[in-house]
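Take a look at the letters that make up each chain.
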Amino acid sequence: MPRVRVRTLALAATASALLVGVSAVPTVSAKSGRTHDVVMERALPNRLALPALLPNSRENTSAIAQNNGTAAATIAMDIYTPAGVLIPSASRVETNVPPGGTRTFAQAVNTGLTPGFRGVGVLSSDQPINALLARDIEENGSGRKSYSLHNAYPTGGNTVTLPYISNNLSGQYNTRFAIANTGTATACVTIAYAYDGGGGMTDTGPGGSGCATGYPVPVGGQVAFGPQTVTSEATTAMPAATAGKLMAATVTSTGAPVTVAVDAYLSSGLRKLASYDGFVVGGAASDIGTTLAIPLAIKLDGYYTQILLSNPNGTPASATLTYKGTTGTHTTTLSVPANGTANHSVYQDGVVPEGFAGAATVTSDQPLAAVLFRVKMTSPGSFIDEDLYTAINGVPTGRATNTAKFPLIFRHAYSSGGGANGYDSAVSVAVADGGTANVTLTTVGDPTTGAPGCTGGTFTSTRTITGSFIFYQGLADGTVNGLGASPSCLWGGMVITSDKPIIATANVTNDLNLGDNDGMYNAFGQ
């Protein structure tokens, strides 16, 4: 099997962040395998590197790996300095991970790392693997949490479009994005910003290090951009002309392919944090399309969604958004300028009624990228947001698959006797053609987490769904929680097989911490 590489990872092993206390991905007692001395190149053939952290406050990361093969896997986590030097004492190895099973590698409980360390994490395995990076930030003083989830993908592209970028929009909405080199030569990167409402600018970078123009990104390296330059975070300020703007951006690389990870957050008092992955434009791995499926859309009990589009083409696009769910079918149209952006919130007009829960489809006469953000108000129409903030990518319906895999699934992990449910997940499944499908869900518990009562085991459930359906693992009814049973505690991975192509996402949450306790991610198709 070929080696696969994705983005580099910044690890901040800060005390009492994500992996010290129970938080987004609880790892208070999670075991990350035994220490194992290694050389620079591990013999395991399948490799994934992981994206960079959001700066500010106390932060940490956890890598969640799922065996995507057909036999038991050995999965290793190796950690390198920014210069590419291996730290043998920080390496961890897990053996005999069953197909579909998962293991969590927690940096905060990794005794081989010192507080404040930043470097590169690489997962490798003798079987194909899926992986997530869980990111947690703890606010100094209050202990309030923000967290999000990133998918790790094995390839990048020479053009990557980002439907949502902001630079101190309305004095509080911000993004930070990291561009990582997934190739074997220096990548020379330029960034074209397209403003909402028209106009834009291109950042051609300083050149140098073999690049006539652009930002040079070395092999295995990355560059990051945010509202301000932060030298300790290796972050460069976005151009001054972008200040106060809502934008899309298109990253163009020559010399090597790249991947891009985007973190969206607020600089106001709210602890919002959401993440999404950039969309590759063109080629066999293209993430854009003329029909995009989004398995979740909502305007219910204060929850609401907003879809942001980017058009990386030289021709304007006419797009139709179709919302289909509990209140029927609702449509609206958008014009997306050439190399531009547009967006739609369920609250910006009367198209989507209160009480709606379902899915959305974007159709267009030009290939587009779409990212959906899910937010929550204190009550419907109050326009006073709570901390919750999550994001998922729209997926071209041509990329729908008959198998969807989830590395992180919870049911009542770390639940308390005082009424708190602990960590739960919900899986949203949409049938690509909007019809009916028969799905089988198989969930494998991870017996190594150390979460009280979570001992592993395999759970199976079948269901016929029409259009879309959400399986809430926290519910007691085994026919709707996707488990076929009601285990007192579950922490593991899930595989869904279907007789028709599907597109799926997962949301994980908890009711134990203050702050933004939700994170969403796209399922891995196969």
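Residues numbered from 1 in each chain as written. Predicted model: local features only at pLDDT ≥ 70, side-chain atom pairs only at ≥ 80, totals over all residues. Heavy atoms only, no water.

**Q** What exactly am I supposed to notice about the overall build of the chain here?
**A** Regarding its fold elements, the chain presents zero helices and 37 strands. By residue count, 59% of the 526 residues in the chain fall in the buried class. Of all intrachain contacts in the chain linking residues separated by at least 6 positions in sequence, the fraction that spans at least 24 positions is 77%. As displayed, the chain offers around 17,600 Å² of accessible surface, 54% of which is attributable to carbon and sulfur atoms. (Helix = DSSP H or I, 4+ residues; strand = E, 2+ residues; numbered from the N terminus. Buried < 20%, exposed > 50% of the residue type's maximum accessible area, 1.4 Å probe, protein only. Contact = heavy atoms within 4.5 Å. Areas by Shrake-Rupley, 256 points an atom, 1.4 Å probe, with all protein chains shown as cover.)

**Q** Sorry, what's going on with the sheet that holds strand β15 (residues 222–226) here?
**A** In a beta sheet, neighbouring strands pair by backbone hydrogen bonds and run either parallel or antiparallel. On the basis of which strands lie adjacent, the open sheet formed by five strands has the order β16-β15-β11-β18-β19 and mixed pairing. Strands with a single pairing partner mark the edges of an open sheet, and in this sheet they are β16 (235–237) and β19 (273–277). Shown here is a sheet whose adjacent strand axes are inclined to one another by a mean of 25 degrees, direction ignored. Two strands pair when backbone bridges link them, and β15 and β16 are joined in this way by three bridges, in the parallel orientation. Paired with F225 across the two strands is T236, which belongs to β16. (Pairing = 2+ DSSP bridges. Axes fitted to C-alpha atoms, helices over the stretch in contact; angles between N-to-C directions.)

**Q** Would you explain the pattern of salt bridges in this entry?
**A** Charged atoms that come close allow side chains of opposite charge to pair. Taken as a whole, this structure holds nine salt bridges when the rule is applied. The closest approach of N and O atoms between R103 and E94, which form a salt bridge, is 3.7 Å. The closest approach of N and O atoms between D287 and R399, which form a salt bridge, is 2.9 Å. Of this pair, D287 sits in the loop between β20 (279–280) and β21 (289–300) while R399 sits in the loop between β28 (395–396) and β29 (401–411), and the two are 112 residues apart along the sequence. (Salt bridge = Lys/Arg side-chain N within 4 Å of Asp/Glu carboxyl O.)

**Q** Whenever I open this one, the environment of D385 confuses me. Can you help?
**A** In this structure, D385 sits in strand β27 (residues 385–393). For D385, a relative accessible area of 19% corresponds to the buried category. C-alpha separation for the pair D385 and Y303, spaced 82 residues apart in sequence, amounts to 9.5 Å. If we ignore the near neighbours within four places in the chain, the residues touching D385 are L270, K272, Y304, V375, K376 and M377. A polar side-chain atom of D385 sits 3.0 Å from a polar atom in the side chain of Y304. (Polar contact = N/O pair within 3.5 Å; in protein donor to acceptor, adjacent residues only side chain to side chain.)

**Q** I'm lost on unusual backbone geometry in this one. Help?
**A** Of all residues except glycine, most have a negative phi; of all peptide bonds, most are trans. The backbone of N96 shows a phi angle near 55 degrees, a positive value even though the residue is not glycine. Within the secondary structure, N96 sits in strand β5 (residues 92–97). A relative accessible area of 60% means that N96 is categorised as exposed. Of note, the phi angle at H412 is positive, near 55 degrees, even though the residue is not glycine.

**Q** How should I be thinking about the state of the cysteines in this particular structure?
**A** Simply put, the disulfide is a covalent bond whose two ends are the sulfur atoms of two cysteines. Applying the stated criterion across every chain yields a total of two disulfides. Paired by a disulfide, C188 and C211 hold their sulfur atoms 2.0 Å apart. The sign of the -85 degrees torsion about the S-S bond sets the C188-C211 disulfide as left-handed. Here the residue C188 occupies a position in strand β12 (residues 187–195), and C211 occupies one in the loop between β13 (200–203) and β14 (215–217), the gap between them amounting to 23 residues. Across this residue pair, the class does not change: C188 and C211 are buried. Each disulfide pairs two cysteine sulfurs, and for C454 the partner residue is C489, the sulfurs being separated by 1.6 Å. Taking the sign of the S-S torsion, -65 degrees for the link of C454 and C489, the bridge is left-handed. You can see C454 sitting in the loop between β31 (436–445) and β32 (458–466) and its partner C489 sitting in the loop between β33 (468–472) and β34 (490–510), a full 35 residues away along the chain. Judged by its relative accessible area of 6%, C454 falls in the buried class. (Disulfide = S-S within 2.5 Å.)

**Q** Would you mind going over the pairing of strand β30 (residues 423–431) with me for this structure?
**A** Consecutive residues of a regular strand have side chains that alternate between opposite faces of the sheet. A large share of β30 lies buried, amounting to nine of its nine residues. Neither face of β30 is open: one carries Y423, S425, V427, V429 and V431, the other D424, A426, S428 and A430, and all of them are buried. As defined by bridge partners, β30 adjoins β33 across five bridges and the pair is classed as antiparallel. Residue pairing for β33: A426 is matched across the bridge by Y472.

**Q** Got a minute to help me understand the environment of A506 in this structure?
**A** Relative to the helices and strands, A506 resides in strand β34. Take A506: its relative accessible area is 1%, and that puts it in the buried class. When the C-alpha atoms of A506 and F406 are compared, they prove to be 7.4 Å apart, with 100 residues separating the residues in sequence. Those residues in contact with A506 that lie beyond four places of it in its chain are F406, A426, V427, G519, M520 and Y521.

**Q** Teacher, can you tell me more about the packing of aromatic side chains here?
**A** Note on aromatic pairs: each is described by the distance of the centres and the angle between the planes. A full pass over the atoms with the stated rule returns 14 aromatic pairs. Seen in terms of ring centroids, Y276 and F373 are 6.3 Å apart; in terms of plane orientation they differ by 85 degrees. Their pairing is edge-to-face. Here F373 lies in strand β26 (residues 356–377) and Y276 lies in strand β19, a separation of 97 residues in the sequence. With respect to burial, Y276 and F373 carry one shared label: buried. Every member of this aromatic cluster is reached through a ring pair, and the members are Y164, Y276, F279, F373 and Y389. (Phe/Tyr/Trp six-rings, centres within 6.5 Å; stacked < 30°, edge-to-face > 60°.)

**Q** For this particular structure, what's the right way to read the confidence of the model for the chain?
**A** Detailed conclusions should not be drawn from predicted coordinates in areas where pLDDT is low. Summarising the model, the chain shows a mean pLDDT of 85, and 88% of its residues fall at 70 or more. Averaged over each element, pLDDT in the chain is lowest for strand β1 (residues 34–35) (30) and highest for strand β10 (residues 159–166) (98). Note on residues 1–25: pLDDT is under 50 here. Beyond four places in sequence and across chains, it has 147 contacts. In this model residues 51–57 is a low-confidence stretch, pLDDT under 50, and it forms 44 contacts with partners more than four residues away in sequence or in other chains. (pLDDT = per-residue confidence, 0-100.)

**Q** Explain the side chain of S166 to me, please; I cannot follow it from the model alone.
**A** Within the secondary structure, S166 is located in strand β10. At 3.2 Å, the side chain of S166 forms a polar contact with the backbone oxygen of Y173. Within the structure, S166 has its side chain in polar contact with the backbone nitrogen of N174 (distance 3.4 Å). The residues touching S166, leaving out its near neighbours within four places in the chain, are Y173, N174, T175, M238, K245 and M247.

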